[in-house]
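Chain by chain, the residues:
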Amino acid sequence: MNPLLRVKDLHVRFRTMGPLKALATGTKDPFIDAVCGVSFEIRKGETLALVGESGSGKSTIARTIIGLQRAVSGSITFDGQEIEDLSRTERKPYLRRMAMMFQDPLGSLSPRLTVQSLLTEPFRIHGLKDCDVGGEAKRLLRMVGLPADFARRYPHQLSGGQARRIGIARALALNPDLIIADEPTAGLDVSVQGEVLNLLARLQDELGMAVLIITHNLNVVRHMADRMAIMYLGRFVEVGSTERIFDQPRHPYTEALLAANPEPDPDAVLNRIEVRGEMPSLLRRPSGCEFHTRCRYAQDICGRVFPEPSSTPDDTEHSFRCHLPLERDPATLFERRLSPVDFTSRITSRHRPSASPRSVAPK
Amino acid sequence: MWLYLGKRIVLAIAIIAIAVTLLFLMIRAVPGDPAAVLLGPRATLEMKAQLHQQMGLDKPLVVQIVAFFGGLLHGDLGFDVFSQRPVADIVFEQLPYTIELILVSIFWAVMIAVPLGCYLAIRRNSLVDQVASVVTVATIAIPSFVVAVYVLLIFAVTLRWLPAIGAGNNFRDVLIHLILPAFAIGIGWVGYISRLVRASMLEILGENHVRMARSFGLSEWRIVARYALPLAILPTVTIIGVGIAWLLSSAVFVEVVFARPGIGALIVSAVNTRNYPIVMGVVLVTTFLIVTATTLSDVANAFLDPRTREKL
Amino acid sequence: MVIVSSRLGPNDAAEAGPFGAFLRQFRKNRVGVVGAVLVILIVASAIFAPFVVTHDPTRIMVGPRLAPPSLDFILGTDQLGRDTFSRAIMGSRIPLLAASVSLSSALAVGLVLGLIAGFGPRWLDNLLLLVFDTIRSFPSIIFALAMIALLGPSLASVILVIATTSMPIYARVVRTQTEAQRSSEYIAAERSMGAGTTRILAVHILPNVLGPLMILVSMDVPAVIAVEAGLSFLGMGVRPPTPDWGAILNDGYNYIDRTPWLVIAGGIPIVLATLGFTFLGEALRDIFDPKLRKDL
């Protein structure tokens, strides 16, 4: 079966300074590569999560798919059709079939329109004039569990959770095949986060659209995603089914992310692995494996040779970029790692407060 | 920082160059022969041709512009046919009178307005403050030429306390002649600056370190003078730099009303006689003044404000 | 920034609620009410001037010249024996006409150029900014005088000059606001739904820009009245015998040692008009957008 969306070797770069300033400061390459050769597929009705720290390029991928950002190279095919090189007008029919929910639930609503106008924007943009605007607004409000009289409200009269529901409703207005949800839980209270995720999951079950979730919140991933991809400095470092990666991460970065994630089970012994230091600047990518500057297991080779993606024989869908992937059995870790590793800092009981701040802190 | 400074200077030069070119083209675009206007209806063809040559009007437009810019670099603003003198001489002869008037006006306005603004900030929301907020808006709103005519009527014509016209000869005389014109120009600035000082003072008085000083039991005036004023005065410094255009505009009227020498009076008489070289010269000099002043105040502001300084 | 002004807008105008709230708030601003009353009086007297005047404002009388106020001539007569009161009433028409024509054309041009600068490509933005800065760097009155030297003194010249010099300020404000909106997430959201530039500008940006702009324009009315009166005072505005406040003031100035009445009659309307519009404009700004002038 053809995948719904296929992204192949996508490269996106940003200018860091004006040409004049680059000339004045003698910078030869005033660009940063925000997305660096990313490839993935989303099948119909499937949920893929892009995970990574802020600045890892995950939002840029979303913006490039939806056409807010141009790619330098690479291809994006939607339902078998190349859409990356399309002009704004040529892309319009495809934008009818995909919808994006933006990070800021309130900020993505035009402040002077009523909820009814906001919800029916997609109909007007795509020239579906003959539909019953009021009726559609009511239907969409009911779908996301908001009372019909919300139609007359303005964005500033909405709470964050309500605004997020409006965002979901609007994304679903034209019954798209793909929804891109950029941090669907950002800026919401924890209780509201759960409601929103349940709503999204329920609607996906009912309507069967594919979802691309962009988040740094691993609980969201576990809750929603069939497959997940972990991003670091604009590259995928590990891709695979959610279950498999949570169960058996192969990349040390994934391991650290998972360990940093607050455990819902209060009895679980916290297994905190800290990622050392700050994420390197995109302006100065480390040599070799780009994670080696922060990796606990880094060896000589990691600083010299750029790792190619590899996969395990038993699951070819699960791939990772690491010279020294973590093994399934924790016991073998001790044998395989040659350098002395301070394991006391790796496994801390939850009674011992961690000394350094977690680098993968929720925003 | 240097990049920003360089950019601003290039921008300023570009603005002046564009302004000059625009003016030049506008003067040439006007229907009618400037030479004919200058010489009057009884001029012969030879006279016109001679004047054309003298003014460089017989050459192509581009040559004229280039020649004009070339002259500018040597401080040559052209030649006034009426008085047979260089335009630069005439303009720079009048400029000191205007600058003197502007400086005196802004000086007395600042001397009154800064303490007034501090006082209003301390007595905020009192009756005095409320009355002052209306009065200051009024002084800003009323055009300076109306004020000028009224003070002329009251103090010079009716009461005969102060001289009505001229600029005076000796130092004392000059000062006396400046009182009414400087009042007419400065009164609006008293309102403007006092409001500005009051507003920025209130902002600073609300900040933590000032509250701290207050908790030490320092008197309000002391806090204002020692801690808040150096900060509160900053916007005023900037606004005076930007306000030079406004000052020049009022100077035009005030010089006419009080029959004072100055570039305002000069351009008005030049416009009345259609003396384009003089008009052009005055516009050039004042534009240069304004661009310099705004560039300086922008750079100073960017440098003084730590928030923008970091971005440079 | 935008939310503050969100109460002013086409969407709310239809509802009685916000408008009632506005009236209640406005009535509390006593200075604003005074301004509003003055403005209403001046505009009404300009509209109904032919019914208010007691004499033909342009007819030259053989009778008394430079006469002091009397029952027949409420504010006396001028050097040509014309009734000063009638001239002052009729004289309100020119400044108001100049203000409305020049400001509305400046508004229209400034809006379009500002939207282009704020939403168009970067080079166009820089170019337009350079143009705005150039026009702004001309000293306004001196620039006006230069233009009048070229175009000849007339009301049209005055209007053209005022429109030209005030346009860049509006364009800049529109540009700043547009640029702030442009990078906002709701514009990205609109784009992601496939909305075109025209739609984004008209439906989403324009209403957000219009509120602050209208306040700015209303606050410029007194300045325009002052410039028009000033140019007429210098004899560079309307041609005689058209009655105009600045021209009356000029007559009064010329005969200032013979009679104070002309100066008083010419200046008071200018003072009242500038004060009225200033108070009204300040009140409107205080209600709708207290931070507006700060980012200029």
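This is a predicted model, so every value here is computed, not measured.

K.L.:
Requested: an account of the domain arrangement of chain B, with residues and values cited.
P.N.:
Residues and elements named next belong to chain B. We note that the domain assignment places domain 1 (1-43 + 263-312) and domain 2 (95-261) within chain B. At the junction of the two partners, domain 1 supplies 13 residues and domain 2 supplies 13 residues. Taken together, the connections running from domain 1 to domain 2 amount to three residue pairs in polar contact (both at pLDDT 80 or more). Of all the secondary structure elements, the ones that give two or more residues to the side of domain 1 that touches domain 2 are helix H13 (263-272) and helix H14 (276-304). It is H14 that contributes the most residues to the side of domain 1 that touches domain 2, nine residues altogether. For the side of domain 1 that touches domain 2, the per-class residue count stands at eight nonpolar, five polar and no charged.

K.L.:
Pulling in residues and values, what's your account of the UniProt feature "transmembrane region" (unreviewed entry) in chain B?
P.N.:
All names here are of chain B. Feature annotation in UniProt places "transmembrane region" (unreviewed entry) on residues 9-30, 101-122, 134-162, 174-193, 231-258 and 278-304, given in this structure's numbering. With 79% helix and 0% strand, residues 134-162 has its two end C-alpha atoms placed 29 Å apart. Annotated as 100% helix and 0% strand, the span residues 174-193 places its first and last C-alpha atoms 26 Å apart.

K.L.:
Account for the sheet that holds strand E1 (residues 5-15) of chain A, naming residues and giving values.
P.N.:
Residues and elements named next belong to chain A. Spatially, the four strands line up as an open sheet ordered E2-E1-E4-E5, and their pairing is antiparallel. Sheet topology places strand E2 (31-42) and strand E5 (81-82) at the edges, where each strand pairs with a single neighbour. Both E1 and E2 contribute to a ladder of nine bridges, which runs antiparallel. What sits directly across from Leu10, in E2, is Val38.

K.L.:
Got a sec to walk through the interface of chain C and chain B? Specific residues and values, please.
P.N.:
Listed as interface residues are 42 residues of chain C and, on the opposing side, 44 residues of chain B. Together chain C and chain B conceal approximately 3,700 Å² of surface at their shared face, both sides included; 83% is due to carbon and sulfur atoms. On the chain C side of the interface with chain B, the three residues burying the most area are C:Ile142, C:Leu150 and C:Tyr253, jointly 17% of the side's total. One can count one salt bridge joining chain C with chain B.

K.L.:
Give a description of helix H9 (residues 155-182) of chain C that names residues and reports values.
P.N.:
With 28 residues, H9(C) should reach 40 Å at 1.5 Å per residue; the first-to-last C-alpha distance of 39 Å fits that figure. The sharpest bend along H9(C) comes to roughly 30 degrees, located at C:Met167, with the proline C:Pro168 sitting one to four residues further on.

K.L.:
Describe the side chain of C:Asp125, with residues and values.
P.N.:
Tracing the backbone through its elements, the reader meets C:Asp125 in helix H7 (residues 122-137). Non-local contacts of C:Asp125, meaning those with residues more than four positions away in its chain, are made with C:Ala117, C:Arg175 and C:Glu179.

K.L.:
Which residues make up the sheet that holds strand E8 (residues 210-215) of chain A, and what values do they have?
P.N.:
Residues and elements named next belong to chain A. Spatially, E6-E7-E8-E3-E9-E10-E12-E11 is the arrangement adopted by the eight strands of the open sheet, whose pairing is mixed. Unpaired on one side and paired on the other, strand E6 (98-101) and strand E11 (310-312) mark the two borders of the sheet. On average, each strand axis in the sheet is tilted by 20 degrees relative to the strand beside it, whichever way the strands run. Here E6 pairs with strand E7 (residues 178-182) via four bridges, running parallel. Bridged to Met98 within E7 is Leu178. Running over the sheet, helix H10 (residues 252-260) touches strand E3 (47-51), strand E9 (227-232) and strand E10 (235-241) and is turned about 105 degrees from E9.

The rules behind each value
Residues numbered from 1 in each chain as written. Chains lettered and ligands numbered in written order. Predicted model: local features only at pLDDT ≥ 70, side-chain atom pairs only at ≥ 80, totals over all residues. Heavy atoms only, no water. Domains from an automatic or database assignment. Contact = heavy atoms within 4.5 Å. Polar contact = N/O pair within 3.5 Å; in protein donor to acceptor, adjacent residues only side chain to side chain. Helix = DSSP H or I, 4+ residues; strand = E, 2+ residues; numbered from the N terminus. Nonpolar A, V, L, I, M, F, W, Y, C, P; charged D, E, K, R; others polar. UniProt positions renumbered as here; feature names shortened; annotations may be inferred. Pairing = 2+ DSSP bridges. Buried area = accessible area lost by both parts, 1.4 Å probe. Salt bridge = Lys/Arg side-chain N within 4 Å of Asp/Glu carboxyl O. Expected span 1.5 Å × (residues − 1). Bend = angle between axes of the 7 residues up to and from the residue. Axes fitted to C-alpha atoms, helices over the stretch in contact; angles between N-to-C directions.

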